[in-house]
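Per-entry structural report
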Protein chains: 2
Amino acid sequence: MSGTAPTFVEAALGGDRRALARLLSAVENGTAEGAEALRALYPRTGEAHIVGITGAPGAGKSTLVGKLAREFRRRGKRLAIVAVDPTSPYSGGALLGDRLRMRDLLTDDGVFIRSMASRGHPGGVAAATRDVANVLDAVGYPLILVETVGAGQAQVEIARLAHTVVLVEAPGMGDEIQALKAGLMEIADIIVVNKADNPAARITLQSIRAALGRDRSAGHHGAAPSAKDEEAAGWDIPILQSSAIENRGLAELADAIEAHRAYLQRSGAWENRRRRLARADVEAWLQRHLLALLERRLGGGAVEEAVEAVQRRRLDPITAAGTLLDALLRAEGER
Amino acid sequence: MSGTAPTFVEAALGGDRRALARLLSAVENGTAEGAEALRALYPRTGEAHIVGITGAPGAGKSTLVGKLAREFRRRGKRLAIVAVDPTSPYSGGALLGDRLRMRDLLTDDGVFIRSMASRGHPGGVAAATRDVANVLDAVGYPLILVETVGAGQAQVEIARLAHTVVLVEAPGMGDEIQALKAGLMEIADIIVVNKADNPAARITLQSIRAALGRDRSAGHHGAAPSAKDEEAAGWDIPILQSSAIENRGLAELADAIEAHRAYLQRSGAWENRRRRLARADVEAWLQRHLLALLERRLGGGAVEEAVEAVQRRRLDPITAAGTLLDALLRAEGER
């Protein structure tokens, strides 16, 4: 089995889309073949610009992502789309209509579209998304759009895996925007009010500006200082409008995404994020290796027994985990 | 410092709310005192019914949670509310108006309200939420309402920490509901269309019924079979209406939540979920112990050096993590 992995890796590196799809499945499912491929590919990663596109259901993210992909293709950029959103038309809950509208992307060799299975990721969906993005990065997609749903705390983990986070809002949420302030500031590098063809978009835009402390006199393209983290101190969050259906605002959004990448590289924040991603990768693999090692050295039943004891409240998880680690170290000392 | 922990634990167990608040901060921040308290309290956990309340921003979750809490109080039930949602009025992005509306809950000794800080959780927000819920469980709250935002894949991790997941929808999402099908089925045990005072609620309700394959002739209180997982095979997802502002539908929602708990216990699914939660707790603590142990045995720089090498692509994270583990085992063998 492991003998076939290099072939797949080489084929995927050579542009074989079917090999790439199979490789991504192996990686997503956490197989040994997938791990071997990740190991081989990792030195080639770190160049892609990973852009998270997030927002509430109904904001029109999927259509916007499709149109944005076309805009980047017009600019000659190759890109991958990863849909982590279970409501995405690319994924399980597919709408035939949307699929048809995306057909030109599906047949474009410069675009690779991948839906994440919505369950069955041994290390969690965020870690699996990271692995998938690493493979797409390694095989040479310089831009990866990761579409997720939601705008709250639970998104932060996936957002942490992106260099740039685009928050998509839709008209009609005026009253709620003030409450969203904390969430917005936490994750967004760029905010776009989609469905700008709707007359209510103007109100939503004003609410967001007010929520971010943007003075109206700053004009349509002024920007608010980001409170995201120290590294983002020099970036003012652009607040844009788009109408994916009317093809409006797409060039401005693509410009803002490219400007954010340039800002990250100029300010040194790009390296900070690479460091954070490297740490996330190391910690994820420490956990996977440790669980495998416990199985191998202590027998398959040891972890199960600890879980059972915790379930029955005969043991607390802090002691149970400590005992497992101690047993592993003792077994090693006796070898 | 550690000598004071039992005092706080005892005070919190005795009903001292200030001690409980301080204990929760220690646990949330991952301090040694917090770990010691969790260890002491764990045997008392496992009895509380943990209910996740989730939905898109603007669905009126916070008001609904407040009204639902009052309904349970009328039934004589003590409960805790944990707000993981950064848009919640309980948390950082607080709306004064909502706080005032909640004032009676804030002064009710039978209700404990806790906002999770939106950052700074060493093991991730899901693990921190789990720790906080364990403490509230141990000190004797039989019902814990965990409010989170969003309805997509990223919610699944927090949803996995709950016994019952209530998905709150709002009117005006008719067109999008079909696309939401996959997400809905994945996480919801109960669906409630809030803001039922809005005339559009009827359309939203019909769309959800259609999306879940519910025949209209099944009537208002028919239910759709859940596709969530095997264990839920015997549970039909109730689709309810509520108007938190008009105090409508709250008793029905509380009934559905109690019915779901009864179903879980009757079917054996309660024990399955206890097992899943025990496993999550053990794995979270394995990771925390391992990182501390690596620091202690290999020196503080060892993990940093590995992260640096991965960041520079001199090493892949699979090899880096494996090397760290090997070094730890070797150091142990030489002791």
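The model shown is predicted, which means the values in this text are computed figures rather than measured ones.

1. Things to note about the overall build of chain A
Broken down by element type, chain A carries 14 helices and 8 strands. Long-range pairs, those at least 24 residues apart, make up 74% of the contacts in chain A with a sequence separation of at least 6.

2. Overview of the pairing of strand β2 (residues 79–83) of chain A
Residue and element names in this part refer to chain A. Along β2, 5 of the 5 residues are buried, which leaves the element largely enclosed by surrounding structure. Along β2, one buried face is formed by L79, I81 and A83 and the opposite face, lined by A80 and V82, is buried too. Bridge analysis of β2 against strand β3 (residues 111–115) gives 5 bridges, and the strand direction is parallel. Of the residues in β3, the one forming a bridge with I81 is I113. Where β2 meets strand β4 (residues 143–147), 4 bridges bridge the pair, whose relative direction is parallel. When the sheet's bridge partners are listed, A83 is paired in β4 with E147.

3. Structural notes on the domain arrangement of chain A
Looking at the assigned domains, one finds that chain A contains domain 1 (1–44), domain 2 (45–267) and domain 3 (280–333). Measuring from the centre of the C-alpha atoms in domain 1 of chain A to the corresponding centre in domain 3 of chain A gives 29 Å.

4. Considerations on the nonpolar core
The biggest cluster of nonpolar side chains holds 187 residues, and the ones touching the most others in it are I144 and L145 of chain A together with I144 and L145 of chain B. For this core, the element with the most residues is helix α7 (residues 125–138) of chain B, which contributes 9 residues. Excluding residues within four positions of it along the chain, L145 of chain B makes contact with V51, I53, V65, L68, A69, L79 and I81 of chain B.

5. Quick look at helix α3 (residues 32–41) of chain A
Across the 10 residues of α3 of chain A, 7 count as buried, placing the element largely inside the fold. For α3 of chain A, the set of buried residues is E33, G34, A35, E36, A37, L38 and L41 of chain A.

6. Considerations on the environment of L298 of chain B
Residues and elements named next belong to chain B. Within the secondary structure, L298 sits in helix α12 (residues 269–298). A residue is classified by how many C-beta atoms lie within 10 Å of it, and L298, with 17 of them, is partly exposed. The spacing of L298 and L328 is 30 residues in sequence and 6.8 Å in space, taken between C-alpha atoms. What L298 contacts, discounting residues up to four positions off in sequence, is A327, L328 and A331.

7. Brief notes about unusual backbone geometry
Residues and elements named next belong to chain B. Although it is not a glycine, K195 sits at a positive phi angle of roughly 60°. Locating K195 in the fold gives a position in the loop between β6 (190–193) and α10 (201–211). The backbone of R313 shows a phi angle near 65°, a positive value even though the residue is not glycine. With respect to the helices, strands and loops of the structure, R313 is situated in the loop between α13 (301–311) and α14 (317–333).

8. Concerning the packing of helix α13 (residues 301–311) of chain A against helix α14 (residues 317–333) of chain A
Residue and element names in this part refer to chain A. Between α13 and α14, whose axes approach to 9 Å, the crossing angle comes to 165°. When the axis of α13 is compared with that of α14, the two are roughly antiparallel. Seen along the crossing, α13 lies across α14 with a hand that is right-handed. Residue-level inspection shows A302, V303, A306, A309 and V310 of α13 in contact with α14, the latter providing P317, A320, T323 and L324. The class makeup of the residues in the contact of α13 with α14 is 8 nonpolar, 1 polar and no charged.

Here is what the cut-offs are and how they apply
- Residues numbered from 1 in each chain as written.
- Chains lettered and ligands numbered in written order.
- Predicted model: local features only at pLDDT ≥ 70, side-chain atom pairs only at ≥ 80, totals over all residues.
- Helix = DSSP H or I, 4+ residues; strand = E, 2+ residues; numbered from the N terminus.
- Contact = placed C-beta atoms within 7 Å.
- Buried ≥ 20, exposed ≤ 12 C-beta atoms within 10 Å, placed from the backbone.
- Pairing = 2+ DSSP bridges.
- Domains from an automatic or database assignment.
- Core = buried A, V, L, I, M, F, W, Y, C linked by C-beta atoms within 7 Å.
- Axes fitted to C-alpha atoms, helices over the stretch in contact; angles between N-to-C directions.
- Parallel < 35°, antiparallel > 145°, perpendicular 65-115°, else oblique.
- Left-handed = near helix turned anticlockwise from the far one by under 90°.
- Nonpolar A, V, L, I, M, F, W, Y, C, P; charged D, E, K, R; others polar.

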